[in-house]
Amino acid sequence: MTTAPHNILEVRNIQTFIGQFHILDGVSVDVPDGSITVLLGRNGAGKTTTLKSILGLTPPRAGQVVFNGREIQGRPAYRTAAQGIGYVPEHRAIFRDLSVAENLRIAERKPGDLARREEFIFGLFPDLKRLIRLPGGNLSGGQQQMLAVARALVPENELLLIDEPSEGLAPVVIEQMMEAIRRLSAHTTVLLVEQNFIMASRLADRYTIIETGRSIHSGLMADLVHDEATIQRYLGAAA
Amino acid sequence: MTSIWKNNRAALIIVALTVVILGGIIQTMEPKVWVSIMLSGATLASLYFLVASGLSLIFGLMDVLNFAHGVLFVLGAYVGLSTFLNPRLLFNTLPIFFVLIASIMMSQHLGRAFWSRITDTRTRRIATVVLLAAAVGLVLLALRGFPMRALNAFNITAVGGLVTTANAQDPLALMLRRLLLLALGGVPLGLLLSPAERPEEVSLRPVWQTALIAGTSALIGILLLVWRDSGEVWMLALSPDVRFILALIMGTVAGALGGVAIETGLIRPFYGNPVTQLVLTLGLSIAGIDLIEAMWGEEANPPMPTPSLFNESCRSDSIIGWFSEHCQSVDVVGRAFPTYRLFIILVGVLVFIGVGLMLRRTRLGMIIRAGVQDSEMVQALGINVRRVFTMVFALGSALAAMGGVIAAPYLGVFPAMGSIFQLQAFIAVVIGGMGSFIGAAVGTVILGMARAFGDHFVAAGIDLPFLDTVIKGSPAIARASTVLIMAIVLLVKPSGIFGKKE
Ligand SMILES: Nc1ncnc2c1ncn2[C@@H]1O[C@H](COP(=O)(O)OP(=O)(O)OP(=O)(O)O)[C@@H](O)[C@H]1O
Ligand SMILES: [Mg+2]
């Protein structure tokens, strides 16, 4: 990269409270256009809350979230999402009583979204095509994870927030998932949360480390993989 | 498929058990007896269902237990009755609501400007109290001496005839002055209800749209008032059948509007604070009945007349015969059964099919089903879930109110008529599984049947083949039977027959 890349998303020093609890105390993340950026950190560090704060599900009390040059903090989550942000939450949140087809159709923002993107989605996840009539609740963990990513791809999203896509999956399925994320990132910028450091280091261009509600480190993934000290210190056994 | 069996094992077992028990009971009876008991059960089930379906959807989607749902049933019955017998009451009172709502809607737009000027919390609190006092004061002033009692008295005079009785209503000029005061009273209310302080709220529509809606509302109110005399004569001259349909529409619409008012005014500011919501709907279940008594009086009204389709004093041999004869009752395997109750059952079935199709086939239905499981995820997909909440609240309230209207010819109309339905619907929803539409239907059918068979055994006793004496139940046992069924179901499956959440 020779020119400074434009950031599609900039999180600037956000403070988030859940009820009385001060969960995020100064998180800043830059997500360059077209990149895969990963949030690293131990369990309970605040990675999920950072994603939710970006989307507005847990609105930050202070700080800015700038998406495509516009401040979006404080807006209702549905409006932020409709600006072009797709969300693949922790634990997938597939609608169990809806069929696979309905799980995809509900994500349409305008009629015909699914028809336009069908080929791309089933190209990434061919399995989903034959499961299309099943209730989401009958899918295996891996299939649900694929469906959750597919659902976020139905509308034309410019940014995907993906929370721990490898969680609880078998190694073969993790490989498939990595490959899918690599391929979709050709079209969409990705902000990823991933505990599996091997997966994170192979996918991501950039990283931000979060420790007890603060972002304490960020940079190029290529540099981090050689920085044993930082990995040991902040990620510990995870690496 | 095995998965269907696995997912619904408890449901299938309970339903099979119910069928076996029912079958066993039926074995000991003549067909004409059990068929008519089951039809009575179905009538009750239909009315329970109209209340329970909304209760269940509202709980499923918003986690709100709406204790005020029975009030909407009563509201529907009263609005329906007034439309049928006493349109004068409506012509004089509806404008009050139309103008008040118009004023509230318009002044909500001033909310942001108003509240942004007051930044410190103490002043805000004082402003809230002052606004509330101003609103209550102005509304009370506007309605001082309003001739509610005299308006009500018309209930008695006019079954089916033309009434041109002397004025039991305020002169037009006085009414218009009242409306002006109400419009002023709506301003502080609108400021109080403005979403300026809550960013995650649904934002307001553009001012011109609000102005259009509010303007139309106010205009309708004023026109109703100006044309009240000719309007009344026109309405009472309509055939009773048309008036019945009008009553059904008016009652249902009143329920829907009541639901929107409850959701936006009481529930919405307190999402994420379920105890407050619970206390508020509980309070409203009492205050709402008080308001209805204040408007329509405490006395019980006789049953509303049925449409002419169910009116001839004869007994048809079959449903086919009834189509041409319009008898009050029809012969069902040797016993007379009131035809109007068949109509009640039909309405319940149609609502079940209609709402069921809406849930299965439409995008709104898909969003509702998804939202029952995880409304935050629906929101994260870019869907304004709060608006869906309001729509579902309106729908559920409309169904309850519709139940009230169709129950009016069957039960009569009185302030306490909703409480039993509220309770039974609540039990049915718990039995069927909170948030499940099918569950609400199954639960209400079980309860309706239990009630009908229970009443029968209280009257006739149980004649078991291996006992010499007939066992007679007490009415208390018949009433308690529904709670007993609930306890048994909950022991087998704590989330209810079709329940998914705990
Ligand atoms: N609803 C809540 N109420 C109180 N505390 C919460 C709530 N949600 C999260 N927390 C706390 O906030 C902190 C950050 O949680 P978060 O889920 O963002 O962490 P995370 O980095 O995603 O962790 P994990 O790797 O386990 O998913 C944790 O300490 C958690 O206990
Ligand atoms: Mg997490």
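Residues numbered from 1 in each chain as written. Chains lettered and ligands numbered in written order. Predicted model: local features only at pLDDT ≥ 70, side-chain atom pairs only at ≥ 80, totals over all residues. Heavy atoms only, no water.

1. Considerations on the overall build of chain B
Helix and strand counts for chain B come out as 20 helices and three strands. For 502 residues, the compact-globule estimate of 2.2 N^0.38 gives 23 Å, and the C-alpha radius of gyration of chain B, at 25 Å, lies within 12% of that figure. For chain B, the spread of C-alpha atoms along the principal axes amounts to about 80 × 60 × 40 Å. Across chain B, every contact between residues at least 6 apart in sequence was considered, and the portion connecting residues at least 24 apart equals 75%. Surface summary for chain B: the accessible area is close to 23300 Å², and the carbon and sulfur share equals 71%. Each charge sign in chain B was given a centre, from 33 positive and 25 negative side chains, and these centres are 8 Å apart. (Helix = DSSP H or I, 4+ residues; strand = E, 2+ residues; numbered from the N terminus. Rg over C-alpha atoms; globule rule 2.2 N^0.38 Å. Contact = heavy atoms within 4.5 Å. Areas by Shrake-Rupley, 256 points an atom, 1.4 Å probe, with all protein chains shown as cover. Lys, Arg positive; Asp, Glu negative; His and termini not counted. Charge placed at Lys NZ, Arg CZ, Asp CG, Glu CD.)

2. Thoughts on the site of ligand 1
All names here are of chain A. Around ligand 1, a shell composed of 14 residues is seen, among which Gly44, Lys47, Thr48, Thr49 and Glu90 lie nearest. Taking alanine 45, its main chain carries an N or O atom lying 3.2 Å from an oxygen atom of ligand 1. Surface burial for ligand 1 is 61%, taken as the share of its 630 Å² of free accessible area covered by protein chains. Those elements that place two or more of their residues in the shell around ligand 1 are strand 2 (21-32) and helix 1 (47-55). Of the residues forming the shell around ligand 1, the biggest block, three residues, is contributed by helix 1. Grouping the amino acids of the shell around ligand 1 by side-chain chemistry returns four nonpolar, six polar and four charged. (Near = heavy atom within 4 Å. Polar contact = N/O pair within 3.5 Å; in protein donor to acceptor, adjacent residues only side chain to side chain. Nonpolar A, V, L, I, M, F, W, Y, C, P; charged D, E, K, R; others polar.)

3. So, the coordination of the magnesium ion (ligand 2)
Residues and elements named next belong to chain A. On the protein side, the magnesium ion (ligand 2) has Thr48 (OG1) and Glu90 (OE) as donor atoms, found 1.9 to 2.2 Å from it. Within this pair, whereas threonine 48 is found in helix 1, its partner glutamate 90 is found in the loop between strand 6 (85-88) and helix 3 (100-105), the two being separated by 42 residues in sequence. Looking at threonine 48, the relative accessible area reads 17%, which means it is buried. (Donors = N, O, S within 2.8 Å, 3.2 Å for Na, K, Ca; no water. Buried < 20%, exposed > 50% of the residue type's maximum accessible area, 1.4 Å probe, protein only.)

4. Some remarks on the sheet that holds strand 1 (residues 312-316) of chain B
All names here are of chain B. Read from one edge of the open sheet, three strands run 1-2-3, paired in mixed fashion. Across the chains shown, the open sheet's two edge strands, defined by having one partner strand only, are strand 1 and strand 3 (335-338). Here the average twist between neighbouring strands, direction ignored, is 30°. When strand 1 meets strand 2 (residues 327-332), the two strands line up parallel, connected through three bridges. Each bridged residue has a counterpart across the sheet, and for glutamate 312 the counterpart in strand 2 is cysteine 327. (Pairing = 2+ DSSP bridges. Axes fitted to C-alpha atoms, helices over the stretch in contact; angles between N-to-C directions.)

5. Some details on the sheet that holds strand 3 (residues 36-40) of chain A
Strand-to-strand pairing in sheets goes through backbone hydrogen bonds, with the strands running parallel or antiparallel. Residue and element names in this part refer to chain A. Reading across the sheet, the six strands line up as 6-7-8-3-9-10 and stay open at both edges, with mixed pairing between neighbours. The open sheet terminates on both sides in strands that have one partner only, identified here as strand 6 and strand 10 (214-220). Looking at each pair of strands side by side, their axes are set apart by 15° on average, direction ignored. In the sheet, strand 9 (residues 206-211) pairs with strand 10 via six bridges, with the strands oriented antiparallel. What sits directly across from threonine 208, in strand 10, is serine 218. On the sheet, helix 1 packs against strand 3, strand 6, strand 7 (159-163), strand 8 (189-193) and strand 9 and is oriented at approximately 150° with respect to strand 7. Contacting strand 3, strand 9 and strand 10, helix 10 (residues 228-235) crosses the sheet at an angle of about 40° to strand 9.

6. Section: the domain arrangement of chain A
Residue and element names in this part refer to chain A. Taken domain by domain, chain A comprises domain 1 (1-84 + 159-171 + 190-239) and domain 2 (88-156). Look at where the C-alpha atoms of domain 1 and domain 2 centre, and you get two points 24 Å apart. Of all residues in domain 1, Leu160, Asp163 and Glu167 give up the largest surface area on contact with domain 2, accounting jointly for 41% of the area buried on that side. Taken together, the links from domain 1 to domain 2 amount to zero salt bridges. Of all elements in the fold, only helix 2 (77-82) and strand 7 reach the threshold of two or more residues within the side of domain 1 that touches domain 2. Counting residues per element, the side of domain 1 that touches domain 2 draws most heavily on strand 7, at four residues. When grouped by side-chain class, the residues that make up the side of domain 1 that touches domain 2 number seven nonpolar, two polar and three charged. (Domains from an automatic or database assignment. Buried area = accessible area lost by both parts, 1.4 Å probe. Salt bridge = Lys/Arg side-chain N within 4 Å of Asp/Glu carboxyl O.)

7. A few points about helix 18 (residues 417-432) of chain B
All names here are of chain B. In this model helix 18 runs 23 Å from its N-terminal to its C-terminal C-alpha over 16 residues, within 8% of the 22 Å that 1.5 Å per residue would give. The element helix 18 is extensively covered by neighbouring structure, given that twelve of its 16 residues are classed as buried. The set of residues buried in helix 18 consists of Met417, Gly418, Phe421, Gln422, Gln424, Ala425, Ile427, Ala428, Val429, Val430, Ile431 and Gly432. Positive phi shows up at glycine 433, right after helix 18, with a value of about 110°. (Expected span 1.5 Å × (residues − 1).)

8. Observations regarding the side chain of glutamine 424 of chain B
Residue and element names in this part refer to chain B. Counting through the fold element by element, glutamine 424 comes out in helix 18. Residue classification places glutamine 424 among the buried positions, given a relative accessible area of 3%. Once residues lying within four places of it in the same chain are set aside, the contact partners of glutamine 424 are Tyr48, Leu447, Arg451 and Thr482.

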